Amino acid sequence: MKTRNVIDLTDLTYSELKDIILLANRIKADPGKYADACRGKILATLFYEPSTRTQMSFQTAMLRLGGTIIGFDNPQNSSVAKGESLKDTVTVIGGYADIIAIRHPSEGTAAAAAMYSPVPVVNAGDGGHLHPTQTLTDVVTLYNEIGRLDHMCIGLCGDLKNGRTVHSLIKTMSTFEGNKFVLISTPELSVPQYIKDIINASRCDYVEVSGLAEAMPELDVLYMTRIQRERFNSEEEYRKQNGVFVLDKEKLKAAKKTMKILHPLPRVDEIDVEVDYDERAKYFEQTVYGMYGRMALILTMLQKEGKKPSPRVLPTHPFHCNNPRCITQTEKYLPSVFTEAGGDMLLCRYCDGRTLIY
Ligand code: CP
């Protein structure tokens, strides 16, 4: 693998991603063959935000590969509660572990952690930004359940603004030719502009619609998401959005018999429980595919290299990121790093937020 860290799944080349999907399938078919593949290696899971699937499937993946695990799932039980910086935490944990999986409520945290970590870092979700190993879960599921990753009509429904799984999935599926995205949301929760720009620059297409029923007949995949309550500024704003899109048996009557229903989970109320018994529902199988995908990713990343000697710190830019949810707002020592986004715009290299040059 060329990349040391996985901040998004698009850090992997097409052939690297394909190799990981195929390795995940080989592990699934013969798990005993890989039971000692990571003997002596340690995974650290640093979860500053709640998780069921990502944290436990990372941990299970490492344990099933014969490795061991350390970490925290509540930063208040670590020295973060005493004010320790992200930089110091990953520097220290990188001296104990061989690989770090990190989840954090601030956007761009994994990219920031990777700057200082002496061991490879995997983004396990950074605020409403990206979630690459969920996308790995999704592509392993699609590859096995549909048999291809291109020329599909993919409906994404719900909180497309704050849903990090949506952003990572669109970025990755845009790299495959002929995919069409049907973006189903309220105007307030539509996909960020930088994600639309990525689709526009690809060999894929998108439409935005406001109704689930109207989108249903043409979909090969329906990717449902919950409304991300924790990303709203007020309970009132959340309540206005919650319950707008609910998938039930009645709506499914208009769908193709071959359509697959995916959901990153957790589900709140956007899929009626009766849909669980429809053979098109794949969201629980998806969680198992995710564990094999993470096994394949860990194994591949650990084969690459050991610890690196010193952190790579980039020169700071005179402008600062405007995104109030960017990690640079709280970890003040981080250098400002941008790429030019055209015109008067700068794109923050941590969170993808746009900053206007004034
Ligand atoms: N899909 C996902 O990220 O689930 P968790 O929040 O439970 O990890």
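Residues numbered from 1 in each chain as written. Predicted model: local features only at pLDDT ≥ 70, side-chain atom pairs only at ≥ 80, totals over all residues. Heavy atoms only, no water.

The grouping of Ile70, Val92 and Tyr96 at the surface amounts to a nonpolar patch, some 270 Å² of accessible area in total. Inspection of the secondary structure assignment puts Tyr96 in helix H3 (residues 86-96). (Patch = residues over 30% accessible without salt bridge, like charges linked within 9 Å, V, L, I, M, F, W, Y side chains within 5 Å. Areas by Shrake-Rupley, 256 points an atom, 1.4 Å probe, with all protein chains shown as cover. Salt bridge = Lys/Arg side-chain N within 4 Å of Asp/Glu carboxyl O. Helix = DSSP H or I, 4+ residues; strand = E, 2+ residues; numbered from the N terminus.)

Moving on, we come to the packing of H3 against helix H4 (residues 109-116). In contact at an axis separation of 9 Å, H3 and H4 are set at 55° when each is read in the N-to-C sense. As the angle between them shows, H3 and H4 are arranged oblique. The two elements H3 and H4 cross, and the hand of that crossing is right-handed. Counting all contacts with H3, which are made through Leu86, Lys87, Val90 and Thr91, the residues of H4 involved are Thr109, Ala112, Ala113 and Tyr116. Its residues assigned to classes, the contact of H3 with H4 comprises five nonpolar, two polar and one charged. (Axes fitted to C-alpha atoms, helices over the stretch in contact; angles between N-to-C directions. Parallel < 35°, antiparallel > 145°, perpendicular 65-115°, else oblique. Left-handed = near helix turned anticlockwise from the far one by under 90°. Contact = heavy atoms within 4.5 Å. Nonpolar A, V, L, I, M, F, W, Y, C, P; charged D, E, K, R; others polar.)

A word on the packing of aromatic side chains. Tallying each qualifying case throughout the model produces five aromatic pairs. With a centroid separation of 5.2 Å and an interplanar angle of 80°, the aromatic rings of Tyr48 and Phe72 are classed as edge-to-face. Separated by 24 residues along the polypeptide, Tyr48 in the loop between strand E1 (42-47) and helix H2 (53-64) and Phe72 in strand E2 (residues 68-72) bring together distant segments of the chain. Each ring, one from Phe232 and one from Tyr238, has its centre 5.8 Å from the other, and the planes form 75°; the classification is edge-to-face. Like Phe232, the residue Tyr238 is buried in the burial classification. (Phe/Tyr/Trp six-rings, centres within 6.5 Å; stacked < 30°, edge-to-face > 60°. Buried < 20%, exposed > 50% of the residue type's maximum accessible area, 1.4 Å probe, protein only.)

We now examine the site of the ligand. Around the ligand, the neighbouring residues are Ser51, Thr52, Arg53, Thr54, Arg103, His131, Gln134, Pro264 and Leu265. Thr52 is positioned with one of its backbone polar atoms (N or O) 2.8 Å from an oxygen atom of the ligand. Gln134 places a side-chain nitrogen or oxygen 3.0 Å from a nitrogen atom of the ligand. The fraction of the free accessible surface of the ligand (260 Å²) that becomes covered by protein chains is 92%. By residue class, the composition of the shell around the ligand is two nonpolar, five polar and two charged. Looking at which domains feed residues into the shell around the ligand, each of domain 1 (9-131 + 289-301) and domain 2 (132-285) gives three or more. (Near = heavy atom within 4 Å. Polar contact = N/O pair within 3.5 Å; in protein donor to acceptor, adjacent residues only side chain to side chain. Domains from an automatic or database assignment.)

Two modes of strand pairing occur in sheets, parallel and antiparallel, and in both the strands are linked by backbone hydrogen bonds. Pairing within the open sheet is antiparallel, and its three strands lie in the order E10-E11-E12. In the strand order of this sheet, the two ends are held by strand E10 (338-340) and strand E12 (354-356), each with one partner. On average, each strand axis in the sheet is inclined to that of its neighbour by 35°, with strand direction left out of account. Relative to E12, strand E11 (residues 345-348) runs antiparallel, the two being bridged by three bridges. Directly across from Leu346, in E12, lies its bridge partner Thr355. (Pairing = 2+ DSSP bridges.)

Moving on: the sheet that holds E1. Pairing is parallel across the open sheet formed by four strands, whose spatial order is E2-E1-E3-E4. At either margin of the open sheet sits one strand with a lone partner, and together these are E2 and strand E4 (121-126). Strand-to-strand twist of the sheet, defined as the mean angle between neighbouring strand axes without regard to direction, takes the value 15°. As judged from the four bridges shared by strand E3 (residues 99-104) and E4, these two strands associate in the parallel manner. Among the inter-strand pairings, Ala101 is bridged to a residue of E4, identified as Val122. Docked against the sheet, H2 engages E1, E2, E3 and E4, running at close to 175° with respect to E1.

We now examine the pattern of salt bridges. Pairing is possible between side chains that carry opposite charge, provided their charged atoms lie close to one another. Applying the stated rule across the entire model yields 17 salt bridges. The salt bridge involving Glu218 is made with Lys180; its shortest N-O contact spans 3.3 Å. Within this pair, whereas Glu218 is found in the loop between helix H8 (212-215) and strand E8 (221-224), its partner Lys180 is found in strand E6 (residues 180-184), the two being separated by 38 residues in sequence. With relative accessibility at 36%, the residue Glu218 sits in the partly exposed group.

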